[in-house]
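Results of the structural survey
Listed below, chain by chain, are the residues.
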Amino acid sequence: MLADASSGLDELSLGLDELSLGLDDVEPSTDAAAQHMESLLQALVRATFVGDVEQCEAALELCALHGADPNRLTSNGRSSLLTACHAGNAAVLAMLLLHGVRASSRGWHETIALQLACSEGRLECVRLLLDAGSDVAAVDGSGATALLKACTAGHAGCAALVLLHGAAVDKATAVGLETALQAASSEGHAECVGILLENGASPDLTDRFGASALHLASWGGHVAVIQQLLRAGASCSAGDERGRTALHLAARGGQSAACRALIQLGANCETTCMLGATPLLETIEASRTAGHASCARELLAHGAKVDDLDEISRIELTTLIADPRADPDGAPSSPPTAGLDGAADVACEGVVADSYDGSRELSDGSRELSAEFTYQARACAADPIPTPTPSPS
């Protein structure tokens, strides 16, 4: 690999020498001159990517000698500045800035060097760009600030640095209304969340769907972030555009640990959304993953009521908490009638045994409402739960 790199540098050096001779032999403002200028810019980009300071300086000197603008993009949209930031070559970046390459120059799709360096976690590059006057308030083609890019990727050092240089902690994207705190919370970047909160980030700002940082952390099951946000004053009773609280989203996402953390820090198990669903009903209707069984047990153990569930939902709840395949630990759960502080007895409403792929035995000895019937009924009601293939009789 070292031999390949050395060979590549030798070829780059020879290429620059040939370009220098070629540019001396062509008339300005001709197609041949334009092609040579393009080749020179491409050579500069290659030198920045490789990280060769000497070759980069030689290419910059040729650009200055022949009037080529090093801020200009190549025909395929590459930029020496962006390439240095992407590769994390701080020494080369310093050389580019020293030779007049603008820190604010943009690439295709309005890419900004500072945003790129923050998203890649290139801390020293970020420092150089800020010292060279990069605007921390600028937004790129996606509408993101440097702070948002750093927090989305979880680069706490970069986030702290742009905040130190005056980045607005609560600035949101124009379309999605996404803040850096929401992005960091959604991805579970606890260190970034802590830095943002220390710098005054508001935990209750919402995006265009009405979701706060707590909603997003709960959906992702990021317990440490949930605890940080609640201790910083986030509201666990606030609803999104559908009236769903953070507990609703944790339950629907099958995040039992998040459910536990929210309940322990004050979330109400009986809050209903605009459609009247409680967190328990959310986890019943979304029961597709292993975590939903644990969520149901967690909610029942903390007093979630089943009085308002319809008959189909009660049967689905019984199936959910009894099926060992839905247990994240892979261990069979105790029979539904065994307890959960009596809540499961009410949920079962006389069901004493359950066959996942067949009928249910009731306390009077009869069997009815097979699993196929239950899911077919849900499908007829336009419920998103898929209908399983009926087992052969």
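Everything below is about the structure printed above this text.
Quick caveat: nothing in here was measured; it's all calculated off a predicted structure.

Regarding the overall build of the protein
Across its full length, the protein carries 20 helices and three strands. Going through the 393 residues of the protein one by one, you find that 46% of them count as buried. Contacts in the protein between residues far apart in sequence, at least 24 positions, make up 65% of those at least 6 positions apart. When the accessible area of the protein is evaluated, it comes to approximately 18300 Å², of which 52% is carbon and sulfur surface.

Some words on the pattern of salt bridges
It is possible for side chains bearing opposite charge to pair when their charged atoms get close. Going through the model one piece at a time under the given rule, you end up with six salt bridges. One salt bridge connects Arg244 with Asp240, and the closest N-O pair in it is separated by 3.0 Å. For Arg244, a relative accessible area of 17% corresponds to the buried category. Among the ionic pairs, Glu298 bridges to Arg260, the shortest N-O distance being 2.9 Å. Of this pair, Glu298 sits in helix 17 (residues 291–301) while Arg260 sits in helix 15 (residues 256–264); the two residues are 38 residues apart in sequence, bridging distant segments of the chain. By relative accessible area, Glu298 is classed as buried at 11%.

Quick notes on the layout of surface pockets
Put simply, the second largest pocket is a space of about 200 Å³. Lining the second largest pocket, in full, are Arg242, Arg244, Arg252, Cys273, Met274, Leu275, Ala277, Leu281, Glu282 and Glu285. Counting residues per element, the lining of the second largest pocket draws most heavily on helix 16 (residues 279–285), at three residues. Each residue belonging to the lining of the second largest pocket can be placed in one class, and the counts come to five nonpolar, no polar and five charged.

Remarks on the packing of helix 17 against helix 18 (residues 311–322)
Axis separation between helix 17 and helix 18 bottoms out at 8 Å; the angle between their running directions is 110°. Considering their axes alone, helix 17 and helix 18 lie roughly perpendicular with respect to each other. Where helix 17 crosses over helix 18, the two elements pack in a sense that is left-handed. In this structure, helix 17 uses His292, Ala293, Ala296, Arg297 and Leu300 to contact helix 18, whose residues at the interface are Leu317, Leu320 and Ile321. Grouping the constituent residues of the contact of helix 17 with helix 18 by class yields six nonpolar, one polar and one charged.

Re helix 6 (residues 113–120)
The buried fraction of helix 6 is high, at six of eight residues. Of all the positions in helix 6, only Ala113, Leu114, Gln115, Leu116, Ala117 and Cys118 are classed as buried. On the buried face of helix 6, the contacting elements are helix 4 (80–87), helix 7 (123–131), helix 8 (146–153) and helix 9 (156–164). Count one or two residues on from helix 6 and you reach Gly121, which has phi positive near 75°.

With respect to empty space enclosed by the protein
Over the atoms, a rolling probe the size of a water molecule traces out where space has been left empty. A full pass over the atoms with the stated rule returns one cavity of 30 Å³ or more. In this structure, the largest cavity spans a volume of roughly 30 Å³. What lines the largest cavity is simply Val136, Ala137, Thr145, Leu147, Ala167, Ala168 and Lys171.

Cut-offs applied
Residues numbered from 1 in each chain as written. Predicted model: local features only at pLDDT ≥ 70, side-chain atom pairs only at ≥ 80, totals over all residues. Heavy atoms only, no water. Helix = DSSP H or I, 4+ residues; strand = E, 2+ residues; numbered from the N terminus. Buried < 20%, exposed > 50% of the residue type's maximum accessible area, 1.4 Å probe, protein only. Contact = heavy atoms within 4.5 Å. Areas by Shrake-Rupley, 256 points an atom, 1.4 Å probe, with all protein chains shown as cover. Salt bridge = Lys/Arg side-chain N within 4 Å of Asp/Glu carboxyl O. 1 Å grid on protein atoms, 1.4 Å probe; cavity = no way out; pocket = protein on both sides within 12 Å on 5 of 7 lines; lining within 4 Å. Points joined across faces, edges and corners; volume = space filled by probe spheres on them. Nonpolar A, V, L, I, M, F, W, Y, C, P; charged D, E, K, R; others polar. Axes fitted to C-alpha atoms, helices over the stretch in contact; angles between N-to-C directions. Parallel < 35°, antiparallel > 145°, perpendicular 65-115°, else oblique. Left-handed = near helix turned anticlockwise from the far one by under 90°.

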